[in-house]
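Fold and contact review
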Amino acid sequence: MTQILVLGATGKTGSRLVPRLQALGHTVRSASRSSATRFDWTDRSTWDPALSGAEAVYFVPTETLGLPERAELVDRAKAAGVRRIVQLSVRGLDADGGVPETEAAVRQSGLEWTMLRPCWFSQDFAAPDFFLPAVLAGELTTPAGDGREPFVDVDDIADVAAAALTGDGHAGKAYDLSGPRALTFAEALAVIGDAVGRELRHRHQDPAAYVAAQVAAGHAVADAEAVASFLDGIRRGEDDYVSTGVQEALGRAPRPFEEYVRATAPTGVWNP
């Protein structure tokens, strides 16, 4: 069986990927700033010990991670004997037909690689560091306007990642991952509201005002600006399309947003 390093093992995708790999019988090294195997992008001394002995890596770069750091991590992975990398990327980066800069280090590495390019997560609505506080308050304010987004279930991303890390036929492929239909934020909130018996609203906010509010709430300026830009892209219709990556990778349809909500509502996460 393969020894697999999962970076960001405590994150939304990594935390779901680890048990899937373990259930398949693989040796998994869970790495993050707080895991037993420590990995910190700002502390290069943690990189080589985490990579040592790994044959495959689930590569989760942060949104603001520089290109030199990405390239250095890939070079160190090759030196450590890694043969396969699955990178979590973002949908829509290759609209101009070229190789996105943020993917270039992995794609040009000479290793077996697979790109996972999800859109916004269904689970963002239950994330304490994302939309959950606003959902609990009854009103979510974003720059997304009436734009539509085909929210993808993170469980689908984890399933595709597990397949790409352990199976054949995925090398050299970039999977664009989405749910089966696009929803406005108001429609998504209505689905949640119906499930929990609450009225939930979405209110549009100018991107600059959104950034200011996020910074005031303690978020880094660069992170707030990146999120605002993505949300404004939704308003402009840039994400209003469905992708087929889940079907291509797994041979089945992606989970609809309604299924995610039905499974999540009984946990009480959306009850104030």
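A short tour of the structure in this document, coming up. (Residues numbered from 1 in each chain as written. Predicted model: local features only at pLDDT ≥ 70, side-chain atom pairs only at ≥ 80, totals over all residues. Heavy atoms only, no water.)

Overview of the overall build of the protein chain
- A tally of regular secondary structure across the protein chain gives eleven helices and eleven strands.
- Whereas a compact globule of 272 residues would reach a radius of gyration of roughly 19 Å, the protein chain reaches 19 Å, a difference of no more than 12%.
- Based on the C-alpha atoms only, the size of the protein chain along its principal axes is roughly 55 × 40 × 35 Å.
- Look at the contacts in the protein chain between residues 6 or more apart in sequence, and 75% of them connect residues 24 or more apart.
- Accessible surface, the protein chain as shown: approximately 11,800 Å² in total, 50% of it carbon and sulfur.
- Measuring between centres, the 26 positive side-chain charges of the protein chain sit 3 Å from its 37 negative side-chain charges. (Helix = DSSP H or I, 4+ residues; strand = E, 2+ residues; numbered from the N terminus. Rg over C-alpha atoms; globule rule 2.2 N^0.38 Å. Contact = heavy atoms within 4.5 Å. Areas by Shrake-Rupley, 256 points an atom, 1.4 Å probe, with all protein chains shown as cover. Lys, Arg positive; Asp, Glu negative; His and termini not counted. Charge placed at Lys NZ, Arg CZ, Asp CG, Glu CD.)

Describing the environment of Leu7
- If you trace the backbone, Leu7 turns up in strand β1 (residues 3–7).
- Each C-alpha atom, one on Leu7 and one on Ala164, is 15 Å from the other, the two residues being 157 residues apart in sequence.
- If we skip the residues at most four places from it in the chain, Leu7 touches Ala31, Phe39, Trp41, Val57, Tyr58, Phe59 and Val60.

Topic: the packing of aromatic side chains
- Inspection of every chain in the model, using the stated rule, returns 16 aromatic pairs.
- Ring plane angle 20 degrees and centroid distance 6.0 Å describe the contact between Phe39 and Trp47, whose orientation is recorded as stacked. Each of the two residues, Phe39 as well as Trp47, counts as buried.
- An aromatic cluster is built from Trp120, Phe125, Phe130, Phe131, Phe151, Phe185, Phe257, Tyr260 and Trp270, whose rings are joined through pairwise contacts. (Phe/Tyr/Trp six-rings, centres within 6.5 Å; stacked < 30°, edge-to-face > 60°. Buried < 20%, exposed > 50% of the residue type's maximum accessible area, 1.4 Å probe, protein only.)

Quick look at the nonpolar core
- Phe125, Phe151, Phe185, Ile192, Leu231, Phe257 and Trp270 are the most contacted members of the largest nonpolar core, which has 30 residues in total.
- Listed by contribution, the elements that provide at least two residues to this core are α5 (132–137), α7 (185–196), α8 (207–216), α9 (221–235) and α11 (257–264).
- At six residues, α7 tops the list of elements feeding residues into this core.
- Sequence-distant contacts of Phe185, that is, excluding residues within four places in its chain, are made with Phe125, Phe131, Leu140, Ala144, Gly147, Phe151, His202, Leu231 and Ile234. (Core = buried A, V, L, I, M, F, W, Y, C linked by side-chain atoms within 4.5 Å.)

Some words on the packing of helix α1 (residues 14–23) against helix α6 (residues 154–166)
- Relative to each other, α1 and α6 sit at 45 degrees, their axes nearing to 9 Å. Accordingly, the angle class assigned to the pair α1 and α6 is oblique. Every pair of crossing elements has a handedness; the one defined by α1 and α6 is right-handed. Across the interface between the two elements, Arg16, Leu17, Arg20 and Leu21 from α1 touch Val154, Asp155, Ala158, Asp159, Ala161, Ala162, Leu165 and Thr166 from α6.
- Taken together, the residues of the contact of α1 with α6 sort by class into seven nonpolar, one polar and four charged. (Axes fitted to C-alpha atoms, helices over the stretch in contact; angles between N-to-C directions. Parallel < 35°, antiparallel > 145°, perpendicular 65-115°, else oblique. Left-handed = near helix turned anticlockwise from the far one by under 90°. Nonpolar A, V, L, I, M, F, W, Y, C, P; charged D, E, K, R; others polar.)

Some points on the pattern of salt bridges
- Tallied over the entire structure, the rule returns 28 salt bridges.
- For Arg16, the salt bridge is made with Asp155, and the minimal N-O distance between the two is 3.4 Å. Taken together, the residues span a long stretch of sequence, with Arg16 in helix α1 and Asp155 in helix α6 at a distance of 139 residues.
- Residue Asp159 is joined to Arg252 by a salt bridge in which the shortest nitrogen-to-oxygen separation is 2.8 Å. You can see Asp159 sitting in helix α6 and its partner Arg252 sitting in the loop between α10 (245–250) and α11, a full 93 residues away along the chain.
- Connected through shared salt-bridge partners, Arg16, Arg20, Asp155, Asp156, Asp159, Arg252, Arg255 and Glu259 make up one network. (Salt bridge = Lys/Arg side-chain N within 4 Å of Asp/Glu carboxyl O.)

Remarks on the environment of Phe125
- Here Phe125 lies in the loop between β6 (112–118) and α5.
- Note on Phe125: relative accessible area 0%, which makes it buried.

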